[in-house]
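# Residue-level structural notes
Single-letter residue listing:
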Amino acid sequence: MKICCIGAGYVGGPTMAMIAKQCPEIAVHVVDLNQSRIDAWNSEKLPVYEPGLYEVVAEARQRNLTFSTRVDDAIAEADMIFISVNTPTKTFGVGAGRAANLEFIEKCARQIARVSTGHKIVVEKSTLPVRTAEAVKRILASAENGATFDVLSNPEFLAEGTAVEDLLNPDRVLIGGESKLAIDALADIYANWIPRERILTTNLWSSELSKLTANAFLAQRVSSINAISALCEATGADVDEVARAIGTDSRIGPKFLKASVGFGGSCFQKDILNLVYLCEHFGLREVAAYWEQVVSMNDYQKRRFAEGIVRTMFNTVSDKKIGVWGFAFKKDTNDTRESAAIYVCRDLLRERARVTIYDPRVSEKQIRADLIASCSDMQGVVSEHDRKLIENNVTIAANAYEAASQSHAIVVMTEWDEFKSLDFAKVYASMQQPAFVFDGRNLLDHDQLAKIGFDIHAIGKSLQD
Ligand code: UDX
Ligand code: ADP
């Protein structure tokens, strides 16, 4: 059995590494157009940071896991092809800002059709709008070499930062398809390490829609608790206490109730906007508006946080140094896609703050690219003013102390563990007074910080304290 995976990103790389680890008899070939990404997968420094991933990759790489840019060869040799390319939100034309851009998926399907012979199973791994499989099937049907295909939907539910654990021990694996033979072939692979009862099978459309729905429900929980955090701040309630109190109701459950400066990541916003677009397409305006509100609430939370910083610091941050701790969209990943930090930093920069950012895993190049992109219009054009602001007012620090030193405020954007165990007396002594802390993750020990003398502000904590 030979597997090929097109797309060596945050999904394709870790998922294939786990399959290769668990199934030593299967040859797994991961391909990508991006040579430097492939080089990184073949090196000591993987392009994706995930706890425990290096060990999995290193073990399998010596045996049955290959990374290369030989896309055609990999497709031609494979019995099963996973499509794991990116599907960003469209920035142009019909559905701009909402619909998924399926250009990369379609190109893959055409490439598969062109180089395949015999029978192959094509597995959709990317998050896709419902009924994409239909389009993929039609393109594959045009194959001229007599090749035949079964198309399966096998959405990925791993969360970044815990990808290895999620892949090792998933709550469920979902396989949607029409051919029992094809479904069984994929189920047999997962059954090498996942109990059969956790492998669910559905029709194609249910599988595709379940992925969007799962992400919409998860994001909705975060937006719900974030909405309540605003009310907590106004009333004197404490959002962590409210979350604990409601989370003990077994019907609600304790997970995904952590108030924050806003959810980020490559999936939540994109998938909800996709769902909204789909509902609108089918004339379901109320349903579309309902889900869109989850994204609006998230935008409000990010904006509210940045505005709160300015208001608290005597209505001006102009020319003040602000130390930003964390830039990734959550801890234990180097991914910054849709990270709340991007938008909060952009808003602070537009207030003319001098922003010094430290993240243990995100590169300076990535941070600057994200800030530039956040100031771009739909056509990717950035004003000269914003470009200068990012060039002159953004500094990258080598550690959390350096980011804090001489600053008027520290803003916690990512819940990295290392921020919890710093020497806060030292941090305090290095800062301007009053020394403000804005904890966007409710990560730090607020009582301890207040005792040292910090002026501390946090999500969903009363301003009257
Ligand atoms: C998500 C889904 O969890 C995963 O199943 C799917 O395959 C891809 O999308 P991911 O985006 O990697 O995974 O991370 P997740 O842990 O879901 O966090 C998303 C965002 O929500 C992060 O910014 C996180 O900080 C935020 N979040 C999460 C909160 O603010 N509060 C919470 O209680 C949980
Ligand atoms: P995800 O988080 O969904 O894995 P990424 O953007 O991290 O998304 O990864 C998608 C990868 O797919 C990128 O490395 C990109 O270069 C690759 N890719 C996109 N289109 C193609 C294609 N036609 N052939 C091969 N690789 C592709």
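Keep in mind it's a predicted model, so treat the numbers as computed, not measured.

What follows is about the site of ligand 2. Neighbouring ligand 2 are 15 residues, the closest being Tyr10, Val11, Asp32, Arg37 and Arg337. The separation between an oxygen atom of ligand 2 and a polar main-chain atom of Val11 is 2.9 Å. Its free accessible area being 580 Å², ligand 2 has 88% of it covered by the protein chains. Classifying every residue of the shell around ligand 2 gives seven nonpolar, five polar and three charged.

It is worth spelling out the packing of helix α13 (residues 340-350) against helix α14 (residues 364-374) at this point. Where α13 meets α14, the closest approach of the two axes is 10 Å, and the angle between their N-to-C directions is 70 degrees. One finds that α13 runs roughly perpendicular with respect to α14. At the point where α13 passes α14, the crossing takes the right-handed sense. Residues Ile342, Tyr343, Cys345, Arg346 and Leu349 of α13 touch α14, and the partners they reach there are Asp370, Leu371 and Ser374. Considered class by class, the residues forming the contact of α13 with α14 number five nonpolar, one polar and two charged.

Below, the discussion takes up the side chain of Ser266. With respect to the element layout, Ser266 can be found in the loop between α10 (239-247) and α11 (268-281). Ignoring sequence-local partners within four residues, the contact set of Ser266 consists of Glu160 and Arg337.

Attention shifts here to the nonpolar core. Within soluble globular proteins, side chains that are nonpolar tend to cluster in buried spots. Judged by nonpolar contacts, the single largest core of 62 residues is most densely connected at Ile309, Trp325 and Leu371. If one sorts the elements of this core by residue count, α13 sits on top with eight residues. Not counting residues within four places of it along the chain, the set of residues in contact with Ile309 comprises Val317, Ile322, Val344, Leu348, Val411 and Phe438.

Now for the pairing of strand β9 (residues 321-325). Of all five residues that make up β9, five are buried, and the element is covered over most of its length. Every second residue of β9 is oriented toward a common face, with Lys321, Gly323 and Trp325 on one face and Ile322 and Val324 on the other, all of them buried. Inspection of the sheet shows β9 paired to strand β10 (residues 354-358) by five bridges, in the parallel sense. Bridging from a neighbouring strand, Ile322 pairs with Val355 of β10. Handedness of the crossover is the feature at issue here: the chain leaves β9, passes through α13, returns alongside β10, and the resulting connection is right-handed.

Attention shifts here to the sheet that holds strand β11 (residues 394-396). Here six strands make up an open sheet; going across it, the order is β11-β10-β9-β12-β13-β14 and the pairing parallel. The sheet is open, and its two edges are formed by β11 and β14 (455-458), each paired on a single side. The mean inter-strand angle of the sheet, taken between neighbouring strand axes irrespective of direction, is 20 degrees. The pairing of strand β13 (residues 436-439) with β14 spans four bridges and is parallel. Looking at the pairing, Phe436 lines up with Asp455 of β14.

Relative to the helices and strands, Pro155 is located in the loop between β6 (148-153) and α7 (163-168). Given the relative accessible area of 7%, Pro155 is considered buried. Here the alpha-carbon distance between Pro155 and Asp319, two residues 164 residues apart in the chain, equals 47 Å. When near neighbours in sequence (up to four residues on either side) are disregarded, Pro155 contacts Glu124, Lys125, Leu174, Ser207 and Lys211.

This brings us to the site of ligand 1. With respect to spatial proximity, 20 residues lie near ligand 1, and among them Phe157, Glu160, Ser260, Lys330 and Arg441 are the closest. Measuring from an oxygen atom of ligand 1, one finds a backbone N or O atom of Leu158 at 2.9 Å. Per-element tally for the shell around ligand 1: the top contributor is helix α9 (residues 204-235), with four residues.

Glancing now at the side chain of His457. If you trace the backbone, His457 turns up in strand β14. A relative accessible area of 18% places His457 in the buried class.

Under the UniProt annotation, the feature "active site" (unreviewed entry) is placed at Cys267. Along the chain, the position of Cys267 falls in the loop between α10 and α11. Of the residues examined, Cys267 reaches a relative accessible area of 22% and is grouped as partly exposed. Not counting residues up to four positions away in its chain, the partners in contact with Cys267 are Thr127, Lys211 and Asn215.

Further remarks concern the pattern of salt bridges. Applying the stated criterion across every chain, the model contains 28 salt bridges. Note that Arg337 and Asp335 form a salt bridge whose closest N and O atoms lie 3.0 Å from each other. Asp335 sits in the buried class, given a relative accessible area of 2%. In this structure, Arg368 engages Glu364 in a salt bridge whose closest nitrogen and oxygen atoms are separated by 2.8 Å. Within this pair, Arg368 and its partner Glu364 are both found in helix α14, separated by four residues, close to a single helical turn. Since its relative accessible area comes to 23%, Arg368 is described here as partly exposed. Here Glu364 falls in the partly exposed class, since its relative accessible area comes to 38%. One salt-bridge network, held together by shared partners, links Asp238, Asp240, Lys258 and Lys461.

Looking now at the packing of α14 against helix α15 (residues 384-393). Relative orientation of the contacting elements α14 and α15 amounts to 155 degrees, with a least axis distance of 10 Å. Relative to α15, the element α14 lies roughly antiparallel. For the pair α14 and α15, the sense of crossing is right-handed. On α15, the residues that touch Arg368, Leu371 and Ile372 of α14 are Arg387, Ile390 and Glu391. Partitioning the contact of α14 with α15 into residue classes produces three nonpolar, no polar and three charged.

Each value, and the rule that gives it
Residues numbered from 1 in each chain as written. Chains lettered and ligands numbered in written order. Predicted model: local features only at pLDDT ≥ 70, side-chain atom pairs only at ≥ 80, totals over all residues. Heavy atoms only, no water. Near = heavy atom within 4 Å. Polar contact = N/O pair within 3.5 Å; in protein donor to acceptor, adjacent residues only side chain to side chain. Areas by Shrake-Rupley, 256 points an atom, 1.4 Å probe, with all protein chains shown as cover. Nonpolar A, V, L, I, M, F, W, Y, C, P; charged D, E, K, R; others polar. Axes fitted to C-alpha atoms, helices over the stretch in contact; angles between N-to-C directions. Helix = DSSP H or I, 4+ residues; strand = E, 2+ residues; numbered from the N terminus. Parallel < 35°, antiparallel > 145°, perpendicular 65-115°, else oblique. Left-handed = near helix turned anticlockwise from the far one by under 90°. Contact = heavy atoms within 4.5 Å. Core = buried A, V, L, I, M, F, W, Y, C linked by side-chain atoms within 4.5 Å. Buried < 20%, exposed > 50% of the residue type's maximum accessible area, 1.4 Å probe, protein only. Pairing = 2+ DSSP bridges. Right-handed = clockwise from strand over helix to strand, strands pointing away. UniProt positions renumbered as here; feature names shortened; annotations may be inferred. Salt bridge = Lys/Arg side-chain N within 4 Å of Asp/Glu carboxyl O.

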